[in-house]
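# A look at the structure
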Protein chains: 2
Amino acid sequence: MKNFFLAALLFPVIISAQNMNDDSLFIHKIAADILSSNASYNNLHYLTKNIGGRLSGSPQMYRAEQWGINALKEAGADNVTMQQCMVPHWVRGGQDKAFIVYNDEKGKQQKYWLNILALGNSIGSGANGVQASLIRVNNFDDLEAKKNELKGKIIFYNVPFDDTLINTFNAYEKNVVYRGIGASRAAKYGAVAMMMRSMTNTPGNYPHTGSLHYTDSINKIPAAAMGLYDVQKLDSLFDNNITVTASLFTYGMMLPDTIAHNIIGELKGSEHPEQIITVGGHLDSWDPAEGANDDGTGVVQTIEVLRVLKALNYQPKHTIQFVLFANEENGTRGAKKYAEEAKKNNEQHIFALESDAGGFTPRGFSFDCSDTIMQKINAWKPLFIPYYGERFERGEAGADVGYLKGLNTPQAGLNPDNQRYFYIHHAATDVFENVDIREMKLGAVNMAALIYLVDKYGLQ
Amino acid sequence: MKNFFLAALLFPVIISAQNMNDDSLFIHKIAADILSSNASYNNLHYLTKNIGGRLSGSPQMYRAEQWGINALKEAGADNVTMQQCMVPHWVRGGQDKAFIVYNDEKGKQQKYWLNILALGNSIGSGANGVQASLIRVNNFDDLEAKKNELKGKIIFYNVPFDDTLINTFNAYEKNVVYRGIGASRAAKYGAVAMMMRSMTNTPGNYPHTGSLHYTDSINKIPAAAMGLYDVQKLDSLFDNNITVTASLFTYGMMLPDTIAHNIIGELKGSEHPEQIITVGGHLDSWDPAEGANDDGTGVVQTIEVLRVLKALNYQPKHTIQFVLFANEENGTRGAKKYAEEAKKNNEQHIFALESDAGGFTPRGFSFDCSDTIMQKINAWKPLFIPYYGERFERGEAGADVGYLKGLNTPQAGLNPDNQRYFYIHHAATDVFENVDIREMKLGAVNMAALIYLVDKYGLQ
């Protein structure tokens, strides 16, 4: 009896050690396959160089959808479906431009061109542009203090990234409200246009676009972001109390909603086909670049997880859906649709994983799940150490899989290193050349490992 | 009594929590200061752009020594000393070049230039060059199998990086023996020169140099590394059984040993001035580039640790020596001297920290110390999580501080992310532009935090 008791105590540990070893070997195979394969390089190259920027409703978006169907099929999906949704259709409409005019110390009038990009969803100034004197504000408190001076002016929000915040997403989240509602807040006091310091911590002069949200009850005004050299130029003028007049020319317009699709590749589950695991990234991207890190890499990693599981002849117990989401950038309508359909059809979504933070070297994951599930997941941590993905944090998983919280789906987001993400985010620099392929692959290795473990052991 | 006993039990925990909080606040100050300061940017810019490559014995090395003295003084060292040592003095001597000649499928003779760099410490071919037919070998086993064919030939070692090894230093360490002794192993069988695939995992065509060590008893032959496009070209010829003749022109020569110096800045300890903590990087670098990541960043981070401790008015208990080591690349004579002097003078070196793995985003440290000390250090791990430096591993600390193992000094090396290090290592691409300043600073934050904790609590 004594020995039996001892054996009973030890048995789970022995099983667990054996599993750990099997899992370690399988994840090693995942890594060796992904790191030796050219598939993800080729996929990212095609998506960025042959298709390019692919904003919702653009011709490139439709080409990307077709490409996604083929890529998922080639990677080995049992089936690929298109899930239709309606998406906002904003177009830039022309070449954004702006300049300022001021008198230099000798009283001579100077004209200086700014490097700008209209914010997504913003209205255009039209060909005649908006011309008005420019007023600098440092934050919303400053805006309120200057509210009586704003009428007829162009407001310039100069809110720098907080470089002392180590996670650059925290700096981004602190400031993104200016991009989101800054135009309407200024329009309320009569401002006629808005320009802002780009949401970036990199020097250089690339403007960074991104979504704006007008308040319906307030007059809509044109809005644009500028590069940081231009911000320095403006600062030097304002710091010397020089009067600055700005002219802004943007052409954005919101067309009627149009059709788009989530592209869903599936591996059917062998034991619990009714239980669904989701892996995804978003297929759309802002127009000024190639959407390489945002979110070409997430899309390619998603396809890579599928490819490697098939390549290693892995038979999933649960159904795995590989989702290329539509319209993350200016509406998240694809994600909403995916969650709505799941709810309507009473689908069981047992786990969802998103990659939408760039193709940089991985650090780990953000988990949005219960403490009990987190405890289970934490036991897998040692398996991720060899692949630099062992930093398991609690937090938001991602903008797209987030909608599955309505179904109580435990979820995770890949966390790549974030130090350089806002150098390229929504800017012309988000191109293939600024993705390190090996680092992107290493992210895919960690994603595939997590999906494998969730599928093999479940989360209950 | 009962309460007293309980208090006694709880007390250390309370103290510890309070300390943890103080430490967390102080490290936060370290981070805010380093991330907001331009000092490290300016230092790295000067060292790389105004001085540049600084191989032992070169004029740039002497300029770097003078610069280092000033930089340590400006950062606030109580005193700066020059510790003299004799270093090897290898010079490249000219512009390395090589080409191959072969007959194409139409029987027409073709000439193709290779992009090469002579290996450090290698002898030159002289102006007439070495011309001979080229023989490809894949590894030392292959060399032995072909030993009877080597006489009079130029050997071409084609040993690729193992991309499936996640830590790229493991791939490097697996292959570095070919650079180290490949020439002598081939010369033993009569080879007249050696060319090798560069020690890198990046495509592109930059050759990567580095140290070679001749076996004294064997005839010395010229040796060079080539870029990976050229390797592909050679492979395509060899794979088609095409006879290739190579011509190699190198001009390297070893001059008599010359004088160099470790540059040592010091902060005197207030409680245990006789106990020394060392922080260091190496000042020398290979000649083809600017030694930006190898090891400009380690040097600049070392100075930054000093600067921030002074800026925050931190009074160290122990003496901290900030050491810019001489001659890491082709002799480690500076490090040997530093350890020799320490031993001779019966100095107590209680801890040493090195940064010599690039300025990439930090992951943590390699610790070379006892289990007891490791346990103590592991308790500090939570303090490093906010700064992405919490990955504490056991392993070698670094080539320079390694010599302090003779004094049983516990030691550590900063581990930045390693995925991209061998893209630029010892190649013309190791320039300022390929350092991310924010990532380098974040490395310095973690180094300063570790030095602060070791100084405050000791390791015993």
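Residues numbered from 1 in each chain as written. Chains lettered and ligands numbered in written order. Predicted model: local features only at pLDDT ≥ 70, side-chain atom pairs only at ≥ 80, totals over all residues.

## So, the overall build of chain A
Across its full length, chain A holds twelve helices and 16 strands. Taken over C-alpha atoms, the radius of gyration comes to 25 Å for chain A, in line with the 23 Å a tight globule of 460 residues would show. If one aligns the C-alpha atoms of chain A with their principal axes, the spans along those axes are about 95 × 45 × 40 Å. The buried share of chain A, taken over its 460 residues, is 54%. Within chain A, contacts between residues separated by at least 24 positions form 83% of all contacts whose residues are at least 6 apart in sequence. (Helix = DSSP H or I, 4+ residues; strand = E, 2+ residues; numbered from the N terminus. Rg over C-alpha atoms; globule rule 2.2 N^0.38 Å. Buried ≥ 20, exposed ≤ 12 C-beta atoms within 10 Å, placed from the backbone. Contact = placed C-beta atoms within 7 Å.)

## A word on the domain arrangement of chain A
All names here are of chain A. The domain architecture assigned to chain A consists of domain 1 (26-90 + 257-457) and domain 2 (95-251). Each of domain 1 and domain 2 was reduced to a C-alpha centroid, and the two centroids are 34 Å apart. Counting residues at the interface gives 15 residues for domain 1, matched by 17 residues for domain 2. Top contributing element to the side of domain 1 that touches domain 2 by residue count: helix H11 (residues 421-424), with three residues. By residue class, the composition of the side of domain 1 that touches domain 2 is eight nonpolar, six polar and one charged. (Domains from an automatic or database assignment. Nonpolar A, V, L, I, M, F, W, Y, C, P; charged D, E, K, R; others polar.)

## Considerations on the relation of the copies chain A and chain B
Rotating chain A by 180 degrees and moving it 0.0 Å along the rotation axis overlays it on chain B with an RMSD of 0.0 Å. This pairing of chains is accounted for by a two-fold axis. A share of 100% of the interface residues of chain A reappears at the interface of chain B, consistent with the copies meeting face to face through the same patch. (Least-squares fit on C-alpha atoms with pLDDT ≥ 70 in both.)

## A closer look at the interface of chain A and chain B
Counting residues at the interface gives 19 residues for chain A, matched by 19 residues for chain B. Where the side of chain A that touches chain B is concerned, the elements lending two or more residues are helix H1 (2-36) and helix H12 (437-457) of chain A. Looking at the side of chain A that touches chain B, its residues break down into eight nonpolar, four polar and seven charged.

## Some thoughts on the sheet that holds strand S4 (residues 116-118) of chain A
All names here are of chain A. Spatial strand order, S3-S2-S9-S5-S6-S7-S8-S4: eight strands in an open sheet with mixed pairing. Only two strands of the sheet have a single neighbouring strand rather than two, namely strand S3 (109-114) and S4. Adjacent strand axes in the sheet meet at a mean angle of 30 degrees when their direction is disregarded. Inspection of the sheet shows strand S2 (residues 97-103) paired to strand S9 (residues 245-249) by five bridges, in the antiparallel sense. (Pairing = 2+ DSSP bridges. Axes fitted to C-alpha atoms, helices over the stretch in contact; angles between N-to-C directions.)

## Side note on the environment of Ser-24 of chain B
In this structure, Ser-24 of chain B sits in helix H1 (residues 2-36). On a C-alpha basis, the gap between Ser-24 of chain B and Ile-100 of chain B in space is 60 Å, while along the polypeptide they are 76 residues apart.

## Quick word on the sheet that holds strand S3 (residues 109-114) of chain B
Residues and elements named next belong to chain B. Across the sheet, which stays open at both edges, the eight strands sit in the order S3-S2-S9-S5-S6-S7-S8-S4 with mixed pairing between neighbours. The open sheet has two edge strands, S3 and strand S4 (116-118), and neither has a second partner. When the angles between neighbouring strand axes are averaged without regard to direction, this sheet yields 30 degrees. Bridging between strand S7 (residues 193-197) and strand S8 (residues 223-226) involves four bridges; their strand directions are parallel. Note that in S8 the partner of Met-196 across the bridge is Ala-225.

## A look at unusual backbone geometry
Residues and elements named next belong to chain A. Asp-294 connects to Asp-295 through a cis peptide bond whose omega is 5 degrees. Relative to the assigned elements, Asp-295 resides in helix H7 (residues 292-311). Notably, Asn-346 is not glycine yet its phi reads approximately 50 degrees, a positive angle. One can find Asn-346 in the loop between helix H8 (333-344) and strand S13 (348-354). Overall, the presence of 8 C-beta atoms within 10 Å leaves Asn-346 in the exposed class. Backbone geometry places Tyr-388, a non-glycine residue, at a positive phi of 60 degrees. Note on placement: Tyr-388 falls in the loop between helix H10 (381-384) and strand S15 (391-394).

## Remarks on the pairing of strand S7 (residues 193-197) of chain A
For S7 of chain A, a buried count of five out of five residues is recorded, marking the element as mostly surrounded by other parts of the structure. What joins strand S6 (residues 154-157) of chain A to S7 of chain A is helix H5 (residues 168-187) of chain A, and the crossover it makes is right-handed. (Right-handed = clockwise from strand over helix to strand, strands pointing away.)

## Points about helix H8 (residues 333-344) of chain B
Note: α-helices contain 3.6 residues per turn, so residues at a spacing of three or four share the same orientation. Residues and elements named next belong to chain B. With twelve residues, H8 should reach 16 Å at 1.5 Å per residue; the first-to-last C-alpha distance of 16 Å fits that figure. Inspection of H8 places Arg-333, Gly-334, Ala-335, Lys-337, Tyr-338, Ala-339 and Ala-342 among the buried residues, and these make up the whole buried set. Contacts from the buried residues of H8 go to strand S1 (79-91), strand S10 (253-267), strand S12 (318-325) and strand S13 (348-354). Positive backbone phi, approximately 50 degrees, marks Asn-346, located one or two places after H8. (Expected span 1.5 Å × (residues − 1).)

## A look at the packing of helix H2 (residues 39-51) of chain A against helix H3 (residues 59-75) of chain A
Residue and element names in this part refer to chain A. H3 packs onto H2 with a crossing angle of 160 degrees between their chain directions and a minimal axis gap of 11 Å. Regarding the angle of H2 to H3, the classification is roughly antiparallel. As H2 packs across H3, the resulting crossing turns out to be right-handed. Each of Asn-43, Tyr-46, Leu-47 and Ile-51 in H2 lies in contact with H3, whose residues at this interface are Gln-60, Arg-63, Ala-64, Trp-67 and Ala-71. Across the contact of H2 with H3, the residue classes tally to six nonpolar, two polar and one charged. (Parallel < 35°, antiparallel > 145°, perpendicular 65-115°, else oblique. Left-handed = near helix turned anticlockwise from the far one by under 90°.)

## So, helix H6 (residues 228-239) of chain B
All names here are of chain B. The end-to-end C-alpha separation of H6 is 16 Å, in line with the 16 Å expected for twelve residues at 1.5 Å each. Buried residues of H6: Leu-228, Asp-230, Val-231 and Leu-234, and no others. Projection of H6 onto a plane perpendicular to its axis shows the buried side chains occupying an angular sector of 145 degrees, all on one side. Exposed and facing more than 90 degrees away from the buried side of H6 are Ser-236 and Asp-239. On its buried face, H6 is in contact with S3, strand S5 (130-137), strand S6 (154-157), S7 and S8. (Arc of directions from axis to C-beta.)

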